[in-house]
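Descriptive analysis of the structure
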Amino acid sequence: MAIVKSLACVDQVFVEESLELKGQYIKEHSADILVMGDDWAGKFDHWNDLCKVVYLPRTAEVSTTDIIQSIREEPGLTFPRP
């Protein structure tokens, strides 16, 4: 989250705890853009009335789950639990 928040084009970053609450999060945080991986393409288009929905292409052979696991296993580093 710190890396994404450090981007000049990002005003706020928040944790999503439930896909079912996505609309509530968009409203609560006054989100302008919802960014999802393209494996979700079309599945969140119904939120276009609240914000712009953008689907970014995934990077082949890069697993966020594997990256998070590596960080969790690194001595001295902490990563929030889901």
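Calculation notes
Residues numbered from 1 in each chain as written. Predicted model: local features only at pLDDT ≥ 70, side-chain atom pairs only at ≥ 80, totals over all residues. Heavy atoms only, no water. Salt bridge = Lys/Arg side-chain N within 4 Å of Asp/Glu carboxyl O. Helix = DSSP H or I, 4+ residues; strand = E, 2+ residues; numbered from the N terminus. Buried < 20%, exposed > 50% of the residue type's maximum accessible area, 1.4 Å probe, protein only.

**Notes on the pattern of salt bridges**
Applying the stated criterion across every chain yields a total of 2 salt bridges. Residue Lys22 pairs with Glu16 through a salt bridge whose shortest N-O separation is 2.3 Å. Between Asp39 and Arg58 there is a salt bridge whose closest N-O contact spans 2.9 Å. Of this pair, Asp39 sits in the loop between strand 1 (33–37) and strand 2 (52–56) while Arg58 sits in the loop between strand 2 and helix 3 (64–73), placing them 19 residues apart in sequence. By relative accessible area, Asp39 is classed as partly exposed at 45%.

**A look at unusual backbone geometry**
What you tend to see is this: most non-glycine residues have negative phi, and most peptide bonds are trans. At Ser30, a residue that is not glycine, the phi angle is positive and equals roughly 50°. For Ser30, the location among the structural elements is in the loop between helix 2 (22–28) and strand 1.

**Notes on the environment of Ala2**
For Ala2, the location among the structural elements is in helix 1 (residues 2–5). On the basis of relative accessibility, which here comes to 63%, the residue Ala2 falls in the exposed class. As for Ala2 and Val13, which are separated by 11 residues in sequence, their C-alpha atoms are 8.4 Å apart.

Honestly, that's just the spatial picture; any functional story needs more than this.
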